[in-house]
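# Geometric and topological summary
Letter by letter, the chains look like this.
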Amino acid sequence: MNRFLRDSGHLARPALVLVAGLAVFLVVRGAVIPKNFGKYGHYRPAALDLIRQHPAAFAGQDQCLACHDEQAKTRASGKHAHVACEACHGPQAPHAADFVNVKPALPDVAALCARCHENDAAKPKNFPQVVTAEHSGGVVCNTCHQPHNPHL
Amino acid sequence: MSGVEGFMYPNEVELQWSLLIVLYPYITGLVAGAFILASLERVFKVEAVKPTYRLALLTALAFLLVAPLPLQLHLGHPERSFEMYLTPHRSSAMAMFGFVYLWYLTVVLLLEIWLEYRPDIVRFAQTRTGVTRWIYKALTLGSENLSPSSLRIDDRVGYVVTVIGIPSAFLLHGYVGFIFGSVKANPWWSTPLMPVVFLFSAMTSGIAAVLVLYVISMKLRKTPIDMRCLDTVAKYLFYTFVIDFSLEMLDLVQRTYEADESFRSLDFMVHTRLWLSQVVIQIFLGTLGPLAVLAVTQLRTFSETLRRRLYITASLLTLVGIFAMRWNVVIGGQLFSKSFLGYTTYKVQFAAREGLLPAIALMILPFVLFYALVKLLPPWQEHKATEA
């Protein structure tokens, strides 16, 4: 029995290495996992505050309407009434917060309209769509349509 | 949009899983395959493949060490991968894979290699000089006991480790298949057969890789090749490949007969965008080709040189074929739209983070590691055979 123990003694060594590795892992794990991890879900609660600190990119159209009365009225009278300002103009929070210094670039009409109106079999049949190349003959859409109220 | 045909949802146009994700199942497959070949000798006592036993273990280790790298390069933040171990999400298949990987690396592979090499390590620790001596000293873990009964115990424990290792290797690679197979939104992947198909293709590629590495190392060392061993390995390659091929065909026949709502779209894809990589390279060149070559070697007798060449040809074609299979699974699964109304294209970049260049580097790395491992732990045992 003694000899057996002596001759299998070396096997304890990799086992020890493994246990030591596991112990180091557990210690590190205990040290680095933030407090309250999992309080609200599988994440650090502090992550919420970090995310809140990100500046908002979209202002929301209520803000746009407060200043851009003209476009608001035009839009409300046409078929784009339910298309949000920032769906076409992109996120404009910096502009809404400081319109004097931040002037938005106007959308690239050539690409913009096709993004929603290019003819595609997968779109609902009653959605207005055109094969842009045929429909406009290469002329930009806003030579005929007014973006804020596209009806001619 | 360039490369898009028909309708794709906006988030489908660009592929999210790139060439690097093709490498991941390919490399883990080689690990599992090489290990299973090694286990054959150990557990099923196939004496003939003994010359490849240690080689196969080192191959498995070299590839296993590289296996997580494509994933980390793909994700970008390698330091975050450690968080998967710290705070694993139990519903994440990928997080659990981390533990399967770690289990396989430490409890199975490293342990088995250590037990197998202990006599050599102790001998080197006693005979080498300088820094290498200290490396080997460290590797002995402080025990130089080589008494016959201790070696007998090692052998017995090694056997148990291998027995545990086989299901572990199955788990390791079956798991990769499971990850794809359980993406229920993707009909190209979502089949319970996926883990099994992955497993057998893994064994096929692993055996082919060991065969090639064996022949190349023997050539480099100018040592005669053990033809009995090579014949046996080639025979196993043939058998596993037949099973692998049958499973893949079963999957195909099932899909064709079932012809569910995805079938027309997938069928179209196989006939167009995947024609070259799936039909030409994977099925004809990489599967039927090597199978025919191997079948001929089983049926007729050739001279040694010719046999060797045929085996090498078959193995290289196999490696290409299995790579194509991984490609077709990973890339093919992302080329069609969930609407089944359109197809996109995948263009591999070159010198980008997920481009061809890093992929090539990642494919070379295991061979560099293999070379280093062979230097550290020489697998050659001819001298023992002659001594005995």
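Everything numeric in this text was worked out from a predicted model, so none of it was measured.

## Section: the overall build of chain A
Check the secondary structure of chain A and you find nine helices and zero strands. Starting at the N terminus and ending at the C terminus, chain A contains elements arranged as α-α-α-α-α-α-α-α-α. Against the globule reference of 15 Å for 152 residues, chain A gives a C-alpha radius of gyration of 31 Å, more extended than a compact globule. For chain A, contacts bridging at least 24 residues in sequence account for 44% of all contacts bridging at least 6. Summed over its atoms, the accessible surface of chain A is roughly 11,400 Å², and 64% of this surface lies on carbon and sulfur atoms. Taking the 15 positively charged and 11 negatively charged side chains of chain A as two groups, their mean positions are separated by 18 Å.

## Thoughts on the overall build of chain B
What chain B contains, in helices and strands, is 14 helices and two strands. In summary, chain B has a C-alpha radius of gyration of 22 Å against a globular reference of 21 Å for 388 residues, a match within 12%. Along the first, second and third principal axes, the C-alpha set of chain B runs to 70 × 55 × 35 Å. Out of the 388 residues in chain B, the part that is buried amounts to 52%. In chain B, of all internal contacts separated by at least 6 residues, the share reaching a separation of at least 24 is 81%. Averaged over its 32 positive side-chain charges, chain B has a centre that lies 8 Å from the centre of its 26 negative ones.

## Quick word on the pattern of salt bridges
Where side chains of opposite charge bring their charged atoms close, a pairing between them can arise. Throughout the structure, instances matching the rule amount to 13 salt bridges over all chains. Lys73 of chain A is the partner of Asp69 of chain A in a salt bridge, and the nearest nitrogen-oxygen pair spans 3.1 Å. Placement of both Asp69 of chain A and Lys73 of chain A in helix α5 (residues 69-76) is noted, with a separation of four residues, approximately one turn of the helix. In this structure Lys73 of chain A comes out as exposed when scored by relative accessible area, which is 57%. Put simply, Arg307 of chain B and Asp231 of chain B hold a salt bridge, and the shortest N to O gap is 2.9 Å. In this pair, Arg307 of chain B is assigned in helix α12 (residues 304-330) and Asp231 of chain B in helix α9 (residues 227-258), connecting sequence segments 76 residues apart. Here Arg307 of chain B falls in the buried class, since its relative accessible area comes to 15%. Here Asp231 of chain B falls in the partly exposed class, since its relative accessible area comes to 23%. A cluster of three or more residues bridged by salt bridges with shared partners is formed by Arg42, Arg54, Glu116, Asp120, Arg123 and Asp155 of chain B.

## Digging into the nonpolar core
All names here are of chain B. The biggest cluster of nonpolar side chains holds 111 residues, and the ones touching the most others in it are Tyr104, Leu109 and Phe180. Of all the elements, helix α1 (residues 19-43) adds the most residues to this core, at 16 residues. When neighbours within four sequence positions are excluded, Leu109 is seen to be in contact with Phe35, Leu57, Ala60, Leu61, Leu64 and Tyr104.

## Some points on the packing of aromatic side chains
Residue and element names in this part refer to chain B. By the definition in use, this model includes 17 aromatic pairs over all chains. For the ring pair Tyr85 and Phe99, a centre distance of 5.3 Å and an interplane angle of 85 degrees mean the geometry is edge-to-face. Of this pair, Tyr85 sits in helix α4 (residues 83-86) while Phe99 sits in helix α5 (residues 93-127), and the two are 14 residues apart along the sequence. You can call Tyr85 buried: its relative accessible area is 15%.

## Structural notes on the environment of Lys235 of chain B
Mapped onto the secondary structure, Lys235 of chain B falls in helix α9. Residues Lys235 of chain B and Tyr311 of chain B, 76 residues apart in the sequence, show an inter-C-alpha distance of 9.7 Å.

## Here's the deal with a nonpolar patch on the surface
Residue and element names in this part refer to chain B. A cluster of nonpolar side chains, contributed by Leu69, Phe350, Leu356, Leu357, Ile360, Ile364, Leu365 and Val368, occupies part of the molecular surface with about 650 Å² of accessible area. Broken down by element, the nonpolar patch gets its largest block of residues, six residues, from helix α13 (residues 356-376). Its location among the elements puts Leu356 in helix α13.

## With respect to a positive patch on the surface
Taken together, the side chains of Arg3 and Arg6 of chain A together with Arg152 and Arg156 of chain B present a region of like positive charge at the surface. Every element with two or more residues in the positive patch is listed here: α1 (2-8) of chain A together with α7 (148-181) of chain B. For Arg6 of chain A, the location among the structural elements is in helix α1.

## What about the domain arrangement of chain A?
Looking at chain A, the domain boundaries give domain 1 (2-52) and domain 2 (61-143). Centre-to-centre separation of domain 1 of chain A and domain 2 of chain A, based on C-alpha positions: 54 Å.

## Side note on the state of the cysteines
All names here are of chain A. On inspection of all chains with the given rule, the structure shows zero disulfides over all chains. Its sulfur unpaired, Cys67 is 8.6 Å from the next cysteine sulfur, which belongs to Cys64. Its sulfur unpaired, Cys88 is 6.6 Å from the next cysteine sulfur, which belongs to Cys116.

## Considering the packing of helix α2 (residues 53-66) of chain B against helix α3 (residues 68-75) of chain B
Residues and elements named next belong to chain B. In the contact formed by α2 and α3, the axes pass within 5 Å of each other and the chain directions differ by 10 degrees. When the axis of α2 is compared with that of α3, the two are roughly parallel. Every residue of α3 that contacts α2 at Leu64, Leu65 and Val66 is listed here: Pro68, Leu69 and Pro70. Of the residues that constitute the contact of α2 with α3, the class distribution is six nonpolar, no polar and no charged.

## Topic: the interface of chain B and chain A
Contacts between the two partners involve 24 residues from chain B, matched on the other side by 20 residues from chain A. For the pair chain B and chain A, the two sides together bury roughly 1,700 Å², of which 73% comes from carbon and sulfur. Where chain B meets chain A, there are zero salt bridges. Where chain B meets chain A, there are 10 residue pairs in polar contact (both at pLDDT 80 or more). Those elements that provide at least two residues to the side of chain B that touches chain A are α4, α5 and α7 of chain B. At six residues, α5 of chain B tops the list of elements feeding residues into the side of chain B that touches chain A. Its residues assigned to classes, the side of chain B that touches chain A comprises 13 nonpolar, nine polar and two charged.

The rules behind these values
Residues numbered from 1 in each chain as written. Chains lettered and ligands numbered in written order. Predicted model: local features only at pLDDT ≥ 70, side-chain atom pairs only at ≥ 80, totals over all residues. Heavy atoms only, no water. Helix = DSSP H or I, 4+ residues; strand = E, 2+ residues; numbered from the N terminus. Rg over C-alpha atoms; globule rule 2.2 N^0.38 Å. Contact = heavy atoms within 4.5 Å. Areas by Shrake-Rupley, 256 points an atom, 1.4 Å probe, with all protein chains shown as cover. Lys, Arg positive; Asp, Glu negative; His and termini not counted. Charge placed at Lys NZ, Arg CZ, Asp CG, Glu CD. Buried < 20%, exposed > 50% of the residue type's maximum accessible area, 1.4 Å probe, protein only. Salt bridge = Lys/Arg side-chain N within 4 Å of Asp/Glu carboxyl O. Core = buried A, V, L, I, M, F, W, Y, C linked by side-chain atoms within 4.5 Å. Phe/Tyr/Trp six-rings, centres within 6.5 Å; stacked < 30°, edge-to-face > 60°. Patch = residues over 30% accessible without salt bridge, like charges linked within 9 Å, V, L, I, M, F, W, Y side chains within 5 Å. Domains from an automatic or database assignment. Disulfide = S-S within 2.5 Å. Axes fitted to C-alpha atoms, helices over the stretch in contact; angles between N-to-C directions. Parallel < 35°, antiparallel > 145°, perpendicular 65-115°, else oblique. Nonpolar A, V, L, I, M, F, W, Y, C, P; charged D, E, K, R; others polar. Buried area = accessible area lost by both parts, 1.4 Å probe. Polar contact = N/O pair within 3.5 Å; in protein donor to acceptor, adjacent residues only side chain to side chain.

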